[in-house]
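# Chain and residue survey
What follows is the residue order along each chain.
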Amino acid sequence: MEVVTAPKPWTSYILGQSSLFPILICILSQSYRIRADDGGMEELTTEKEAEESHRQDSVNLLTFILLLTLTILTIWLFKHRRVRFLHETGLAMIYGLLVGVILRYGIPSTSYHNKTPPSCSLKVGPVSTLLLNVSGKFFEYTLKGEINSREIHNVEQNDMLRKLTFDPEVFFNILLPPIIFHAGYSLKKRHFFRNLGSIITYAFLGTAISCFVIGNLMYGVVKLMQVLGQLTDKFYYTDCLFFGAIISATDPVTVLAIFNELHADGDLYALLFGESVMNDAVSFVLSSSIVAYQPTGANMHTFDASAFFKSVGIFLGIFSGSFAMGAVTGVVTALVTKFTKLHCFPLLETALFFLMSWSTFLLAEACGFTGVVAVLFCGITQAHYTYNNLSEESTKRCKQLFEVLHFLAENFIFSYMGLALFTFQNHVFSPIFIIGAFIAIFIGRALNIYPLSFLINLGRRHKISGNFQHMMMFAGLRGAMAFALAIRDTATYARQMMFTTTLLIVFFTVWVFGGGTTPMLSWLHIRLSGCLVHERLVSRAAVLCSGLESLQQQRRRACLNCGITSALFSTQTSLLLVCFYS
């Protein structure tokens, strides 16, 4: 009888086959190890990417800090040697250009993205956030921007250059507020309010004239480009008006620095600086009103009277609301500092002043108004009312704090302008558009200054002389505000062309007009008496210091020899002081 034995369980079989058991154990342990290694490698890769991104961000910020440091040292050298052919903002732009060239062409491009990217079609434009389901795990991806098809395999270098391209909101929310506030806070009230009517005329009516003149001339240039086949995408009339609005913004910071250093005529300083400060605010609101222009009907870019008057109403509403918000915030700060004992704690007083001033910009933006206008009039109100309520220590602190912030922010922006010429990914260089823009801004500035000056002189007791008018025409520099308005939206072909052209116009006006301000003042025979008095006082102070030092040495030697008395020393000191003040 045959006995049928049951098959051995697999464990018994393996145990019985001593040679197979170690092999199976090794396979199982290796599979678990592979899974663990996969998870560990994924976490390690994520940590390395985060660390590399953090290191890259640190290098980017360090680059700008080194640029500012180098700019400050060179400014000191220029001031020490009394070099005036190049302004500090132009110097910052040159350093930015040099660093941009190195980053763009000096760093080799390496990429690991050699495969062809997957393709898909969208009925609408690209979305800002993308959710992907990868093996049951959901991942969120954000849109960084469009990549040129010719640079599809240089993603790493593009990503580095893109990180150097700051978010436009950084300019508006962090860098612009201290610049605009300091402009309003440092206004010389006596000269400003004495010329207030002329300043408002230049700022409001003059900016509107400049905007529409430049916009219409540039529309003719665009039509010429279309005939010559130089236009590759859409460029509407409203785009031309928008360009006219942003390029009409002059640069108060550069004007302030040049005229302060040269001690130019007080009325000329007030006219130029006051007009440029108010002009920035008007240009900002005017550009927002042009963007809000939306005709009804199928064609969104034709003239519509109702839409036009609606835009005018938006302009007036935004400007008046922003003005009221800035003035109210300044008055509230004045009342708080007056009816509390914050002056006993200068640190708290300075902190409150700083936060209230900065929050004015953010509050206006959050309420749908314009922060530039609000923070400008907040600065003017703070200087008129709050300044008198601050303690002596807080007065010095606040003044120096905003001076430092304004200096750093302004030079940072100009350094970034030079950098952006090479790091910005979507430049559109059009020689016809660029040349036409230069011609248009000169014509627009001339039709702004000369006709309005003629009308203003009809009602002024102290006439604006022809030399002053020529200087105002010459000193219409373009700077931080025009750049910030241009970089805020670079999504379309038209806006990219505007940004590139604005950048080149800022370079030219700051380098040529900024550097030529001193010779132009001399050529126009504009009074620089303050400058002469300043240099005379400096030279006499040096003589006084050396004379006092020599007298002290003589007195020490005389006291040792019991010779010259203290009365004789006092007489000699008095003679020196009389010579100094005479």
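Everything here concerns the structure above.
My aim in this report is to walk through the structure given alongside it, one point at a time. (Residues numbered from 1 in each chain as written. Predicted model: local features only at pLDDT ≥ 70, side-chain atom pairs only at ≥ 80, totals over all residues. Heavy atoms only, no water.)

This part is about the nonpolar core. Judged by nonpolar contacts, the single largest core of 121 residues is most densely connected at Met218, Phe235, Phe243, Met471 and Phe483. Among the elements that take part in this core, helix H10 (residues 266–291) stands out by supplying 13 residues, more than any other. Those residues in contact with Met218 that lie beyond four places of it in its chain are Cys240, Phe243, Phe433, Gly436, Ala437 and Ala440. (Core = buried A, V, L, I, M, F, W, Y, C linked by side-chain atoms within 4.5 Å. Buried < 20%, exposed > 50% of the residue type's maximum accessible area, 1.4 Å probe, protein only. Helix = DSSP H or I, 4+ residues; strand = E, 2+ residues; numbered from the N terminus. Contact = heavy atoms within 4.5 Å.)

Next up on the list: the packing of aromatic side chains. Within the structure shown, the criterion is met by 27 aromatic pairs. Note on Phe424 and Phe499: the rings are 4.7 Å apart at their centroids and 55° apart in plane angle, and the pair reads as tilted. Pair noted here: Phe424 is in the loop between helix H14 (392–423) and helix H15 (431–457) and Phe499 is in helix H18 (residues 493–515), with a separation of 75 residues, a long-range link. Across the pair, exposure class does not vary: Phe424 and Phe499 are buried alike. Linked through ring pairs, Phe181, Tyr185, Phe353, Phe354, Trp358, Tyr387 and Phe402 together constitute an aromatic cluster. Directly above the aromatic system of Phe172 lies the positively charged group of Arg488, at a separation of 4.0 Å from the ring centroid. (Phe/Tyr/Trp six-rings, centres within 6.5 Å; stacked < 30°, edge-to-face > 60°. Lys NZ or Arg CZ within 6 Å of the ring centre and 35° of its normal.)

Right, let's get into the pattern of salt bridges. The full count for this structure, using the stated rule, is six salt bridges. Arg445 is the salt-bridge partner of Glu275, the closest N and O atoms lying 3.2 Å from each other. You can see Glu275 sitting in helix H10 and its partner Arg445 sitting in helix H15, a full 170 residues away along the chain. Using a relative accessible area of 1% as the deciding quantity, one classes Glu275 as buried. By relative accessible area, Arg445 is classed as buried at 4%. (Salt bridge = Lys/Arg side-chain N within 4 Å of Asp/Glu carboxyl O.)

What follows deals with the pairing of strand S1 (residues 129–134). Sheet topology note: the S1/strand S2 (residues 137–142) ladder contains six bridges and is antiparallel. Counterpart to Thr129 in the pairing with S2 is Thr142. What sits between the antiparallel neighbours S1 and S2 is a turn of two residues, in which Ser135 has the positive phi angle 55°. (Pairing = 2+ DSSP bridges.)

Take the packing of H15 against helix H16 (residues 466–474) next. Orientation of H15 relative to H16, taken along the N-to-C sense of each, is 150°, at an axis distance of 9 Å. Classified by the angle between their axes, H15 and H16 sit roughly antiparallel to one another. Judged by the twist between their axes, the crossing of H15 over H16 is right-handed. Each of Phe442, Arg445, Ala446, Ile449, Tyr450, Ser453 and Asn457 in H15 lies in contact with H16, whose residues at this interface are Gln469, His470, Met472 and Met473. Residues belonging to the contact of H15 with H16 are distributed by class as follows: six nonpolar, four polar and one charged. (Axes fitted to C-alpha atoms, helices over the stretch in contact; angles between N-to-C directions. Parallel < 35°, antiparallel > 145°, perpendicular 65-115°, else oblique. Left-handed = near helix turned anticlockwise from the far one by under 90°. Nonpolar A, V, L, I, M, F, W, Y, C, P; charged D, E, K, R; others polar.)

What follows concerns the side chain of Thr337. Mapped onto the secondary structure, Thr337 falls in helix H11 (residues 305–339). Among the residues examined, Thr337 registers a relative accessible area of 3% and is labelled buried. There is a polar contact of 2.9 Å between the side chain of Thr337 and the backbone oxygen of Thr333. (Polar contact = N/O pair within 3.5 Å; in protein donor to acceptor, adjacent residues only side chain to side chain.)

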